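Residues per chain are reported as follows:
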Amino acid sequence: MIFTRKGEVRRCGETEKTIYDFLITAYGCGLEMGKQINYWLKYEEFLKIAQTALDCGCVIIKPSSGKRKYGQTLDIVTEDKCRYYFYLPEAGTLMSQQIPFQSEQMIGYNAAGNTVIEAGFSSIYDNKKEITRSRLFVISGYYNETGKYIARPKCLTQTYQKLVRIVKRIAPYTEITDHIISTQNNDYLQEREWIHKEYISASCLKLKASMNYKLV
């Protein structure tokens, strides 16, 4: 069932998290699968996730003006930058990918991507009353230049799973009710109630419930 919410197309009953669960690895078709959890939480709450990553031995990578900064203390995480990577040295050793990465090394579906966890926090736009979605994400693996599939290291999966547990404590899976405009033939353009679940912190939920902020 497809619905729109003020022009936004959404799949009723499914979040982006569950949509990604349907994806399959399709080498040759440009489609790769990974693990991810989408959520809404603030900068201050993200610091707990970042500290857990540091406690697991990660180095935090901060993309900045086309460059990368590296840090092993929490002060590298700043409110003006909402997206980071957690580099796991153990995975780096297994993948022969040591930091600092060279400028031409892209973090994607490659050896470097098999060493990091993408992480971030929500941006809150008071002027538009919007809260952006963020996520934890790891690739499942990649195909090297010979066509051999190189799976994500087990140690990276274990670290990702530990971070996911922290996310779920900060941003529990919560039932949310929205009012959307249907595109179904039987009730086309009529307002419908849409009940769905999202990982959202109490502070973000309060903004949505009491001040009508949108989750985007």
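Residues numbered from 1 in each chain as written. Predicted model: local features only at pLDDT ≥ 70, side-chain atom pairs only at ≥ 80, totals over all residues. Heavy atoms only, no water.

1. Looking at the nonpolar core
Phe-46, Ile-49, Val-77, Phe-86 and Leu-136 are the most contacted members of the largest nonpolar core, which has 33 residues in total. Only β3 (34–39), α2 (43–55), β6 (83–87), β7 (116–120), β10 (134–139) and α4 (154–170) provide two or more residues apiece to this core. (Core = buried A, V, L, I, M, F, W, Y, C linked by side-chain atoms within 4.5 Å. Buried < 20%, exposed > 50% of the residue type's maximum accessible area, 1.4 Å probe, protein only. Helix = DSSP H or I, 4+ residues; strand = E, 2+ residues; numbered from the N terminus.)

2. Digging into α4
Given a rise of 1.5 Å per residue, 17 residues ought to cover 24 Å, and the 25 Å separating the end C-alpha atoms of α4 matches this to within 8%. Within α4, burial applies to Cys-155, Leu-156, Thr-157, Thr-159, Tyr-160, Leu-163, Val-164, Ile-166, Val-167 and Ile-170. (Expected span 1.5 Å × (residues − 1).)

3. Some points on the packing of aromatic side chains
Where two aromatic rings form a pair, the distance of their centres and the angle of their planes describe that pair. Using the criterion set out here, one finds seven aromatic pairs in the structure. With a centroid separation of 5.4 Å and an interplanar angle of 65°, the aromatic rings of Tyr-43 and Phe-121 are classed as edge-to-face. Taken together, the residues Tyr-43 in helix α2 and Phe-121 in the loop between β7 and β8 (124–125) connect sequence positions 78 residues apart. On the basis of relative accessible area, Tyr-43 is assigned to the buried category, the value being 17%. By relative accessible area, which is 3% here, Phe-121 ends up buried. (Phe/Tyr/Trp six-rings, centres within 6.5 Å; stacked < 30°, edge-to-face > 60°.)

4. Quick notes on the side chain of Thr-174
Along the chain, Thr-174 falls in strand β13 (residues 173–182). Among the polar contacts made by the side chain of Thr-174, one reaches the main-chain carbonyl oxygen of Pro-172 at a distance of 2.9 Å. When near neighbours in sequence (up to four residues on either side) are disregarded, Thr-174 contacts His-196, Lys-197, Glu-198, Ile-200 and Leu-205. (Polar contact = N/O pair within 3.5 Å; in protein donor to acceptor, adjacent residues only side chain to side chain. Contact = heavy atoms within 4.5 Å.)

5. Examining the sheet that holds strand β15 (residues 214–215)
One open sheet accounts for three strands, arranged β8-β9-β15; its pairing is mixed. Where the open sheet ends on each side, the last strands, each with one partner, are β8 and β15. Bridge count for strand β9 (residues 130–131) against β15 is two bridges, and the pairing is parallel. When the sheet's bridge partners are listed, Glu-130 is paired in β15 with Lys-214. (Pairing = 2+ DSSP bridges.)

6. Here we look at the environment of Lys-42
Among the structural elements, Lys-42 can be located in the loop between β3 and α2. The class for Lys-42 is partly exposed, based on a relative accessible area of 24%. On a C-alpha basis, the gap between Lys-42 and Glu-79 in space is 9.2 Å, while along the polypeptide they are 37 residues apart. Among residues more than four places away in sequence, those in contact with Lys-42 are Phe-121, Ile-124, Ser-201, Ser-203, Cys-204 and Leu-207.

Honestly, it's all geometry; don't read function into it.
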